[in-house]
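# Coordinate analysis (summary)
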Amino acid sequence: MKKIFALALLMVALPAFAHPGHDGNPLHDGLLHPLTGLDHLLMLLGTGVLAALTRRNLTLPLATLASMFAGAVCGHLFGDVLGMETMIAVSVLVAAAAVLLPSRQLVLALAMPVFALFHGWAHGVEATPSAFWMFSAGFVTVSGLLLLAGFAVGCLLRRHSGLQKAFGGGMLAGAALVLAG
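Residues numbered from 1 in each chain as written. Predicted model: local features only at pLDDT ≥ 70, side-chain atom pairs only at ≥ 80, totals over all residues. Heavy atoms only, no water.

Within an unreviewed UniProt entry, the label attached to the chain reads HupE/UreJ family protein, and the organism entered is Pseudomonas promysalinigenes.

Right under this line is the structure:
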């Protein structure tokens, strides 16, 4: 029954916590955007945590950041893509599941750059075309900082399995909010 309910939730078209209209002050808006969208915030912090928990270096966060920027360029050039919001919501669920399932962390962590492509795509779609590069400079900068912050938190969580579970539970609760949103 739980699997059917989860599948039903994933089949519903989900709006991302996107914030269109980034042309007033594009750099400022880009800097704030990853901090004001719960889906983006959780995915970035979760990916950084996963990089640390899987005892990897910063390759995963850098690949995620590069993928997010590539997605933004694609969104800027090609517009909306079918299933983008669903993939964004699923990314938070996958990050939470990876934190909570140590035996699956590496495989699930490797999926995060794929999900980041969709997060970036959403950024590219919602950015005003004339302000795209300034907005992108802002969101890439803060996204990188959030990935680093997540990595630092993950280094601490490696030593505390109880806190790791609490963090994963918090991410799962955040994923539920994104799905309900």
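Once that is clear, we can look at the overall build of the chain. Counting its regular elements, the chain contains 9 helices and 0 strands. Along the chain, helices and strands appear, N-terminal first, in the series α-α-α-α-α-α-α-α-α. Buried residues in the chain amount to 45% of all 181 residues. Taking the contacts inside the chain whose residues are at least 6 apart along the sequence as the reference set, 83% of them involve residues at least 24 apart. Element-wise, carbon and sulfur atoms account for 74% of the exposed surface of the chain, whose accessible area totals about 8700 Å². (Helix = DSSP H or I, 4+ residues; strand = E, 2+ residues; numbered from the N terminus. Buried < 20%, exposed > 50% of the residue type's maximum accessible area, 1.4 Å probe, protein only. Contact = heavy atoms within 4.5 Å. Areas by Shrake-Rupley, 256 points an atom, 1.4 Å probe, with all protein chains shown as cover.)

Take the UniProt feature "transmembrane region" (unreviewed entry) in the chain next. According to UniProt, the "transmembrane region" (unreviewed entry) feature falls on residues 34-53, 60-78, 84-101, 106-125 and 131-157. Between the end C-alpha atoms of residues 34-53 there is a gap of 22 Å, over a span that is 95% helix and 0% strand. Secondary structure within residues 84-101 divides into 94% helix and 0% strand; the distance between the first and last C-alpha atoms comes to 25 Å. (UniProt positions renumbered as here; feature names shortened; annotations may be inferred.)

This part covers the nonpolar core. Counting residues in each nonpolar core, the largest one holds 35 residues, and the members touching the most others are Met-43, Leu-44, Leu-50, Met-68, Val-99, Met-112 and Met-171. Contributing elements (two or more residues each) for this core: α3 (38-53), α4 (59-78), α5 (84-100), α7 (112-126), α8 (132-157) and α9 (161-180). Residue contributions to this core peak at 9 residues, all from α8. Those residues in contact with Met-68 that sit more than four places away from it in its chain are Met-43, Leu-44, Ala-116, Leu-117, His-119, Gly-120, His-123, Phe-139 and Ser-143. Ile-88, Phe-118, Trp-121 and Ala-122 belong to the second largest nonpolar core, which has 5 residues in total. (Core = buried A, V, L, I, M, F, W, Y, C linked by side-chain atoms within 4.5 Å.)

Before going further, it helps to spend a moment on α7. The end-to-end C-alpha distance of α7, which contains 15 residues, comes to 21 Å, matching closely the 21 Å that a straight helix rising 1.5 Å per residue would cover. Most of α7 is tucked away, with 12 of its 15 residues classed as buried. Those residues of α7 not exposed but buried are Met-112, Pro-113, Phe-115, Ala-116, Phe-118, His-119, Gly-120, Trp-121, Ala-122, His-123, Gly-124 and Glu-126. The secondary structure elements touched by the buried residues of α7 are α2 (26-36), α3, α4, α5, α6 (105-110) and α8. (Expected span 1.5 Å × (residues − 1).)

Attention now goes to the packing of α3 against α8. Remark: α3 packs on α8, axes separated minimally by 6 Å, with the N-to-C direction vectors making an angle of 45 degrees. As the angle between them shows, α3 and α8 are arranged oblique. Between α3 and α8 lies a crossing whose hand is right-handed. Side by side, α3 and α8 meet where Leu-41, Leu-44, Leu-45, Thr-47, Gly-48, Val-49, Ala-51, Ala-52 and Leu-53 of the first sit next to Ser-143, Leu-146, Leu-147, Ala-149, Gly-150, Phe-151, Val-153, Gly-154, Cys-155 and Leu-157 of the second. (Axes fitted to C-alpha atoms, helices over the stretch in contact; angles between N-to-C directions. Parallel < 35°, antiparallel > 145°, perpendicular 65-115°, else oblique. Left-handed = near helix turned anticlockwise from the far one by under 90°.)

This prediction gives the chain a mean pLDDT of 87; 87% of its residues lie at or above 70. Taken element by element, the predicted model of the chain shows its lowest mean pLDDT in helix α1 (residues 2-11) (47) and its highest in α4 (97). (pLDDT = per-residue confidence, 0-100.)

Below, the discussion takes up the environment of Met-87. Note that Met-87 resides in helix α5. A sequence separation of 31 residues divides Met-87 from Phe-118, and the C-alpha atoms of the two residues are 6.6 Å apart. Those residues in contact with Met-87 that sit more than four places away from it in its chain are Phe-115 and Phe-118.

Let's shift gears to the environment of Gly-168. Mapping Gly-168 onto the fold places it in helix α9. Considered as a pair, Gly-168 and Ala-97 are 71 residues apart in the sequence and their alpha carbons are 7.2 Å apart.

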